[in-house]
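Listed here are the chains, written in short residue letters.
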Amino acid sequence: MLEGKTGIVFGIANKRSIAWAIARTLAQHGARLAVTHQNERLEEKVRELAGQLAEPLILPCDASEDDQIDAVFKAVEEAFGGLDFLIHSIAFAAREDLEGDFTDTSRAGYHLAQDISAYSLIALARRAAPLMAGRDGSVVTLSYLGGERVVPHYNVMGVAKAALEANVRYLAHSLGPRGIRVNAISAGPIKTLAASGISGLSKMLKSVAAVAPLRRNTQQAEVADTALFLCSHLSRGITGEVIYVDAGYHIMGMFQPPEEA
Ligand code: NAD
Ligand code: 0WE
């Protein structure tokens, strides 16, 4: 489905990363990929995983550093000569802001979450756009239900995801005339590095699976298949959209115990 196409994937930390599942799926369908790592600590893991890809371009990129972002797109232009899709799978908030009371959110914590989790999509899309000229580009980011409804403890990340989903709509409008589509996938909770530090995650996974229409949790590979769709010609009429890959959880308006449901 992506033979002869090129893409860049931001957000691989380890084999459980949603970004890694997406990279693998896109590569299986013929895409040539660039992948980035946040820092030297994650570089070795990303290099090891990228060994499974054909001729990967591996680059450092801390999303809070404009110089690093510039260098990434310069290297991609030199190696690939253009870009067909961009996967943004990055989020960060200070741990204390995911544990305490939302009302205690600090100015610095708010800015950090917005910078890494929401603004970074604009920073990356702006540099990708010229490389996507005349190529029907696709930009895909990862969101979560906590951006539109209250999920206890998601707190400042929920506000960042609300901003991220608004960024998707404004970028879709801004880049649409150049043929570039911008969409988000809102995934159900998955046990990845970003989620494993969260206290009560196992309970949350169980309660979600108990009420979701499909009666189970979400898998990385399911998210990856929707990312493949959004990068492919099949989704050519879709932009500015949030697609849920969450076993149907978000449609529910009442949560009965499973035996009564
Ligand atoms: P993950 O920990 O594997 O991925 C998060 C990535 O963000 C890591 O690769 C990390 O290096 C990167 N990152 C953080 N700060 C960065 C920075 N300053 N610069 C560059 N990269 C930075 O976890 P994941 O669950 O695969 O998360 C990927 C995306 O999916 C996130 O946007 C997350 O909000 C979203 N998401 C996750 C879930 C879930 O339950 N796991 C559900 C819905 C959405
Ligand atoms: O987007 C996320 C988590 C993103 C995240 C995770 C961490 C943990 C480590 C952002 N920043 C940090 N900072 C750290 O120091 N998810 C969708 C997973 C998640 O996180 C939650 C959830 C779910 C689901 C937090 C509270 C409640 C539910």
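Above this text is the structure in question.
Every chain begins its residue count from 1, and numbering advances along the sequence as written. Chain letters start at A and ligand numbers start at 1, both assigned in the order the entries are written. Reporting of local features is limited, given that this is a predicted model, to residues whose pLDDT is at least 70; pairs of side-chain atoms are given and counted only at 80 or more, and all residues count toward the totals for whole chains, interfaces and linings. Hydrogens and water are ignored here; the side-chain numbers use all heavy atoms of the structure.

> It is not clear to me how the site of ligand 2 should be interpreted in this structure. Could you clarify?
A cutoff of 4 Å decides nearness: a residue is near a molecule or strand if any of its heavy atoms lies inside that distance of it. Taken together, 14 residues sit near ligand 2, with A93, R95, Y154, A194 and M204 positioned nearest. In the model, a nitrogen atom of ligand 2 is placed 2.8 Å from a nitrogen or oxygen of the A93 main chain. Contacts described as polar in this section are N or O atom pairs within 3.5 Å, which, within protein, must combine one atom able to donate a hydrogen with one able to accept it, while residues neighboring in sequence count only if both atoms come from side chains. A distance of 2.8 Å separates an oxygen atom of ligand 2 from a polar side-chain atom of Y154. Buriedness for pockets is judged along seven lines, at least five of which must meet protein on both sides within 12 Å for an open set on the 1 Å grid over protein atoms alone, while cavities are sets there where a 1.4 Å probe fits but cannot get out, and lining residues have an atom within 4 Å of a point. Put plainly, a molecule is in a cavity or pocket when over half of its atoms are within 2 Å of the grid points there. When each cavity is represented as a set of grid points, ligand 2 is found to reside in the largest pocket.

> It is not clear to me how the site of ligand 1 should be interpreted in this structure. Could you clarify?
The environment of ligand 1 is formed by 27 residues, the closest being S17, Q38, A63, I190 and T192. Backbone polar atom of G11 to an oxygen atom of ligand 1: 2.8 Å apart, as the coordinates give it. At 2.8 Å, a backbone N or O of I190 approaches an oxygen atom of ligand 1. All accessible areas in this document rest on Shrake-Rupley with a 1.4 Å probe, and a residue is counted as covered only by the protein chains that are shown. Protein contact buries 93% of the 810 Å² of open area that ligand 1 shows by itself. The cavity that encloses ligand 1 is the largest pocket.

> Can you help me understand unusual backbone geometry in this one?
Residues other than glycine predominantly adopt negative phi, and peptide bonds predominantly adopt the trans conformation. At H153, a position not held by glycine, the phi torsion is positive, near 80 degrees. Within the secondary structure layout, H153 lies in the loop between β5 (138–143) and α5 (155–175). Backbone geometry at N155 places phi at a positive 45 degrees, although glycine is not the residue there. Along the chain, N155 falls in helix α5. Relative accessible area decides the class of each residue, using a 1.4 Å probe on protein chains only: under 20% of the type maximum gives buried, over 50% gives exposed, and in between gives partly exposed. When its relative accessible area of 15% is taken as the criterion, N155 is described as buried. The numbering of helices and of strands both runs from the N terminus, where a helix is a DSSP run of H or I of at least 4 residues and a strand a run of E of at least 2.

> Whenever I open this one, the nonpolar core confuses me. Can you help?
A general tendency of soluble globular proteins is for nonpolar side chains to be buried together. I8, F10, V72, F73, V76, L83 and L86 are the most contacted members of the largest nonpolar core, which has 36 residues in total. Contributions of two or more residues to this core are made by β1 (6–10), β3 (57–60), α3 (66–80), α4 (107–131), α5 and β6 (181–187). When residues of this core are assigned to their parent elements, the largest contribution, 9 residues, is made by α4. Only heavy atoms enter the contact rule, under which two residues are in contact if any of them lie within 4.5 Å. Residues contacting F73, with those up to four places away along its chain left out, are F10, L83, L86, L124, R127, A128 and L131. With 32 residues, the next largest nonpolar core counts L2, L49, A224 and L230 among its residues. To qualify as a nonpolar core, a set must consist of buried Ala, Val, Leu, Ile, Met, Phe, Trp, Tyr and Cys residues joined through side-chain atoms within 4.5 Å.

> Looking at this model, I keep getting lost on the side chain of N183. Mind explaining?
Structurally, the position occupied by N183 is in strand β6. When its relative accessible area of 0% is taken as the criterion, N183 is described as buried. Reaching out from N183, the side chain makes a polar contact with the backbone oxygen of I238 at a distance of 3.1 Å.

> Would you explain the layout of surface pockets in this entry?
The space that makes up the largest pocket amounts to roughly 1,600 Å³. For the largest pocket, the lining is made up of 49 residues, of which A91, T192, L193, A194 and A195 are closest to its centre. Counting residues per element, the ones that place at least two in the lining of the largest pocket are α2 (40–50), β5, α5, α6 (193–196) and α7 (201–211). With 4 residues, the top contributor of residues to the lining of the largest pocket is α6. Gly falls in the polar group here, along with every residue not listed as nonpolar (Ala, Val, Leu, Ile, Met, Phe, Trp, Tyr, Cys, Pro) or charged (Asp, Glu, Lys, Arg). Taken together, the residues that form the lining of the largest pocket break down as 28 nonpolar, 16 polar and 5 charged. Grid points are joined across faces, edges and corners, and a volume is the space filled by probe spheres set on the points. In this structure, the second largest pocket spans a volume of roughly 250 Å³. Together, 13 residues line the second largest pocket, and Y144, L145, V150, V151 and Y249 are the ones closest to its centre.

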